[in-house]
Amino acid sequence: MFKRLDDAGTTMTLTVDGTPIRARSGDTVAVAMLAAGIDHCRTTPVNDVPRAPYCLMGVCFDCLVTIDGVGSRQGCLVPVREGMKVETQLGKREAGR
Amino acid sequence: MVAEAYDVAVVGGGLVGVATAWGLAREGCRVAVLDEGDRAVRASRGNFALVWVQSKGLGLAAYAGWTIRSSNAWAGFSDLLKQETGLDVSFQRPGGFHLCLSEKELEARANTLKRLHNQPGIVEYKTEILDHSQVAKMLPDIGPEVVGASYCPLDGHVNSLRLLRTLHTAINARGVKYLPSHRVDAITREGGEFRLVTSQGEVRAGKVALAAGNANMKLAPMVGLEAPMKPERGQIVVTERLRPFLPYPVVTLRQTDEGTVMMGDSKEESVDSRGLTLGVSATEAERAVRQFPLLANVNVVRTWSAIRVMTKDGFPIYDESETHPGAFVLCCHSGVTLCANHALTVAPMIARGALDKSLVAPFSARRFHVQEAG
Amino acid sequence: MTEASELAASYELVVIGGGPAGLAAATLAAQAGVQTVLFDENPGIGGQIYRGITSTPVRDRAVLGDDYWAGGALADEARTSGALIVNGATVWTLDPTLTVGVSIAGKARLIQAKRVIVATGSLERPFPIPGWTLPGVMTAGAAQTALKAQGLVPAGRTVMAGSGPLLWLLAAQLIRAGAKIEALLDTTPRLNWLRALPFTPDFMISPLWSKGLKLLREVKAKMLVIPVGSVEAVGSDKLSEVVFDGRRVPADLLLLHQGVVPNVNLAIAAGAEHRWNSRQLCFEPVLDRDFNSSVPGIAVAGDGAGIAGGPAAAERGRIAAIAAVRALKPSASVPDPQTARNALQREESGRAFLDVAYRPADAFRRPTGETIACRCEEVTAKQVRDNADLGCEGPNQMKAFLRCGMGPCQGRLCGLTITELIADQRHTTPAEVGYYRLRPPVKPITLAELASLPISEAERKAVER
């Protein structure tokens, strides 16, 4: 869906559901996932329907993912960090995660 | 062209009003429900959705019996609604808890229950005081600060917003005329019928049932009745949807059938429903996290406040007018718990034209004068 | 990055939002000697229009265009003005006592302000078409953000659809960046141009006229532009086709845009009165000429005050800041607001033309059937219309019946749709129908954060009784 204009900038590795992806410093988690070609970042808590980021500016809440064990983070507002563990959020969030 | 008079005009489109209207329609009455507009202060949109029995009736023993009657009728009531509308209001009665976060709280709770169950004429039902480990057997996620709780197997909860919608759907299907933005400004009785002057014209009916919550205080005298109310504000904190973890309602914390967790409860004298006191929400959040530590990182997506419909002594008022025969008033705080009674017991009384004193005499507003004289 | 614990307990001026209005306001106030803090929830300043202005990896200046780079000066001035700029700071509550609740890295703080300027800008108008919730459907703004902030361009089969100047701007930027767009489906109703005729003279003398014409020519030369009356996104788990006027094209990415509307959540939750703007088809705050809202001490500047674009936003920010400085430090030296007012007027001239010319069609604002009206709670247009028939006269009763507006976005992506659907179904106007009642937190905070706030004895007693 998206590709990078160029390859400059520091790269780093995150995992998404255990699979490593390459990201660049300055990426947000949502954008890193889009650039890595990941189709959807969550399924909805109401009907378990797949969703992906829609607005990339923090208002749609469709980019919710679990980051380093904490659920319902807006991926478009979180800058990537080396070694970050991202998980797609399936359905309702689990209390305690 | 002058419209025909209705058999009953119900004033108020909240849970008390629409449950009564539904019950009246089932009895064959032609009913109109007069309601305010979208921004009205509506307790039916701001309640905790409990169908609650424990600790009700301290000060008026009959209230406990009245409550249990409704609680026992609730499952059948919800089935009837489901048959008619296809909508499931998710009524559940697994029993409920009142959690205590200190020995002092637990002692106070035990005392309240003791006093309640010692009242003459009180109906007998079980409420136990449990210690931490007993509570933990049923609520494994409670935090270490939970000292104990009172538990009553008759407590339950429902999806109260869906209940409101379901009742509106049901009355619509039964031909009840719903008139929003028809605030009632005056009621008179002429030529054997009632004339209600509303913000959008006059409505005529053979009988009137006032179910307008706190506004009953202003409306009741128009038909020779009284409804002394003492509204107060409560605030609620609501979380995002979560996977089910809490099968029992707690009196100040419950997980809805949609997965969200609601937390309360507070009491402030303000009656500004648009206002919110942050420190109150913070206290509710703090107690919730102490009761269920796994909720600490869960997101709060909403807080709101609502004005409780509260009579002067907290107990319901059901009355029929002597000076204006055919006028009835219904006031209560527990519009959710008592919904089954209003639909299945009180509505038929109104349809027949008289309240059944054997059931509701203790709830007449005359009790306020007796108390004052005594 | 400033941590929550490092913030002072109070600031004279709190500016919320780091776009052009917020940056200009904070700069002016700080330069006048007012103790100013600016909160923005993004990792960097610039808001939407100047997103990534201090960090964009897009080095070819021609791609984003001069209007974008003009934001650089604003950003530089703000950073050297003396205002404390805090990124990653989400403001979740504001009330008439001017208490500002902010959350930074999961820690909540309450800050007392003497004056507040809300500059939370605008967001894209909802675009409820069938399939708009499918992965692979995004806003044009999202693509623009990904381009500006991270140097990403669409790859694969990309279709753009909608109406409005920003759509053309993005199309031009994407072409310049080398992206290939299959088609731009123009949903602008044909009749709009006729209705816009009376406003054309004003528009022709505004700077928007020549810029607009250039952009249109640039895009039409390189991209297939098709006027359409209907658009649908089709796919099972993600977008696979775009259907328009009976034709289908395979697609991996659909970018939607039909204008922007004020982001009203914080201002409404703060108690500021809003009204329906029937020309711009949105709710906006009721403001005086200094952009003061109906809540004393709270001003709303920028696109949040009404859509007028980036340069206008900066001027509004300056006007609001001058009023704030005069209230806080009457003896401070401030620029003459007339300069900003004149500049603002120039920027606003021609706005009427754009509003009328690009007024989105009813069909794209008032969906029917199974089209999702509320994305968070997955409520369909049919459900809303049916309940409007049941007697739900307004969005708050509708919210109670269907849960629309109860999700985390708090109505940002459904509020206008729900109001318009009720108006449509009940044959009345959005002004009559009204909008959601909104409360804090306007963005989610955790229970632990809420629990960590100061609690007075009376407040605790209200609960523990």
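What counts, and at which threshold
- Residues numbered from 1 in each chain as written.
- Chains lettered and ligands numbered in written order.
- Predicted model: local features only at pLDDT ≥ 70, side-chain atom pairs only at ≥ 80, totals over all residues.
- Domains from an automatic or database assignment.
- Contact = placed C-beta atoms within 7 Å.
- Nonpolar A, V, L, I, M, F, W, Y, C, P; charged D, E, K, R; others polar.
- Pairing = 2+ DSSP bridges.
- Helix = DSSP H or I, 4+ residues; strand = E, 2+ residues; numbered from the N terminus.
- Axes fitted to C-alpha atoms, helices over the stretch in contact; angles between N-to-C directions.
- Parallel < 35°, antiparallel > 145°, perpendicular 65-115°, else oblique.
- Left-handed = near helix turned anticlockwise from the far one by under 90°.
- Buried ≥ 20, exposed ≤ 12 C-beta atoms within 10 Å, placed from the backbone.
- Core = buried A, V, L, I, M, F, W, Y, C linked by C-beta atoms within 7 Å.

*Asks:* I'd like a rundown of the domain arrangement of chain B, residues and numbers included.
*Replies:* Residues and elements named next belong to chain B. Once the domains are mapped, chain B shows domain 1 (6-50 + 161-229 + 314-373), domain 2 (96-153) and domain 3 (232-308). Residue-level contacts link eight residues of domain 1 with ten residues of domain 3. Split by residue class, the side of domain 1 that touches domain 3 holds four nonpolar, four polar and no charged.

*Asks:* Can you break down the sheet that holds strand β12 (residues 225-227) of chain C residue by residue, with the values?
*Replies:* Hydrogen bonding along the main chain pairs the strands of a sheet, whether they run parallel or antiparallel. Residue and element names in this part refer to chain C. On the basis of which strands lie adjacent, the open sheet formed by five strands has the order β8-β16-β10-β11-β12 and parallel pairing. If you trace the sheet from one side to the other, it starts and ends with β8 (137-139) and β12, each paired once. For this sheet, the mean angle separating the axes of adjacent strands, direction not counted, is 25°. Note: strand β10 (residues 158-162) against strand β16 (residues 253-257), five bridges, orientation parallel. Note that in β16 the partner of V159 across the bridge is L254.

*Asks:* Help me get a handle on the sheet that holds strand β15 (residues 247-250) of chain C, residues and values and all.
*Replies:* Residue and element names in this part refer to chain C. Spatially, the three strands line up as an open sheet ordered β13-β14-β15, and their pairing is antiparallel. At either margin of the open sheet sits one strand with a lone partner, and together these are β13 (232-234) and β15. The mean angle between the axes of side-by-side strands here comes to 25°, regardless of whether they run parallel or antiparallel. As defined by bridge partners, strand β14 (residues 241-244) adjoins β15 across four bridges and the pair is classed as antiparallel. Within β15, the residue paired with V243 across the bridge is R248.

*Asks:* Which residues make up the domain arrangement of chain C, and what values go with them?
*Replies:* Residue and element names in this part refer to chain C. Split into domains, chain C comes out as domain 1 (7-123 + 261-334), domain 2 (126-258) and domain 3 (366-433). Look at where the C-alpha atoms of domain 1 and domain 2 centre, and you get two points 28 Å apart. Between domain 1 and domain 2, the contact holds ten residues from the first and ten residues from the second. Across the side of domain 1 that touches domain 2, the residue classes break down as five nonpolar, four polar and one charged.

*Asks:* Could you give an account of the interface of chain C and chain B, naming the residues involved and the relevant values?
*Replies:* With 32 residues of chain C at the contact, the number on the chain B side is 43 residues. Of the residues forming the side of chain C that touches chain B, the biggest block, five residues, is contributed by helix α16 (residues 395-402) of chain C. Classifying every residue of the side of chain C that touches chain B gives 19 nonpolar, eight polar and five charged. Looking at chain direction, strand β15 (residues 299-308) of chain B and strand β23 (residues 445-446) of chain C are connected through two bridges and run antiparallel. By the bridge assignment for β23 of chain C, N299 of chain B is matched with T446 of chain C.

*Asks:* Mind laying out the environment of V16 of chain A, listing which residues take part and the relevant values?
*Replies:* Looking at the secondary structure, you find V16 of chain A in strand β2 (residues 11-16). Apart from residues lying up to four places away in sequence, V16 of chain A is in contact with I21, M33, I38 and V86 of chain A.

*Asks:* Which residues make up the packing of helix α2 (residues 62-85) of chain B against helix α5 (residues 160-173) of chain B, and what are the values?
*Replies:* Residues and elements named next belong to chain B. Contact geometry for α2 and α5: axes closest at 10 Å, N-to-C directions at 55°. In terms of their interaxial angle, α2 and α5 are classed as oblique. Remark: the crossing between α2 and α5 carries left-handed chirality. Between α2 and α5, the residues in contact are L81, E84 and T85 and T166, T169, A170 and A173, respectively.

*Asks:* Could you give an account of the pairing of strand β5 (residues 99-104) of chain C, with specific residues and numbers?
*Replies:* Every other side chain in a regular strand lies on the same face of the sheet, so the side chains alternate between the two faces. Residue and element names in this part refer to chain C. Of all six residues that make up β5, five are buried, and the element is covered over most of its length. Note that strand β4 (residues 89-94) and β5 share five bridges and pair antiparallel. Its bridge partner lying in β5, A89 is registered against I104. In textbook terms, the turn of a hairpin is the stretch between consecutive antiparallel strands, and for β4 and β5 this stretch comprises four residues, one of which, L98, has a positive phi near 65°. Bridge count for β5 against strand β6 (residues 107-118) is six bridges, and the pairing is antiparallel. Residue pairing across strands places V100 opposite I111, the latter belonging to β6. The loop that links β5 with its antiparallel partner β6 comprises two residues; one of these, A105, has a positive phi angle of about 50°.

*Asks:* Pulling in residues and values, what's your account of the nonpolar core?
*Replies:* Core analysis: the biggest nonpolar cluster contains 304 residues, and A9 of chain B together with A25 and I117 of chain C have the highest contact counts within it. Of all the elements, helix α11 (residues 310-328) of chain C adds the most residues to this core, at ten residues. Beyond its immediate sequence surroundings of up to four residues, A9 of chain B is in contact with A32, L34, F194, L196, V203, A205 and V208 of chain B. The next biggest cluster of nonpolar side chains, apart from the first, holds five residues, and it includes F353, L354, V356 and A357 of chain C.

*Asks:* Explain unusual backbone geometry to me, using residue names and the numbers behind them.
*Replies:* Cis geometry marks the peptide bond from G264 of chain B to D265 of chain B; its omega dihedral reads -20°. Between P440 of chain C and the following residue, P441 of chain C, the backbone shows a cis peptide bond with an omega angle of 0°. Structurally, P441 of chain C can be placed in the loop between α18 (430-433) and β23. A positive phi is found at S55 of chain B, a non-glycine position, where the angle reads about 65°. With respect to the helices and strands, the residue S55 of chain B is situated in the loop between β3 (50-51) and α2. Using a count of 19 C-beta atoms within 10 Å as the deciding quantity, one classes S55 of chain B as partly exposed. Of note, the phi angle at Q410 of chain C is positive, near 50°, even though the residue is not glycine.

*Asks:* Any chance you could break down the interface of chain A and chain C for me, citing the residues and the numbers?
*Replies:* Counting residues at the interface gives 33 residues for chain A, matched by 40 residues for chain C. Within the residue set of the side of chain A that touches chain C, elements represented by two or more residues are β1 (2-4), α1 (29-35) and β5 (50-51) of chain A. For the side of chain A that touches chain C, the class distribution of residues is 20 nonpolar, six polar and seven charged. As defined by bridge partners, β1 of chain A adjoins strand β9 (residues 152-154) of chain C across three bridges and the pair is classed as antiparallel.

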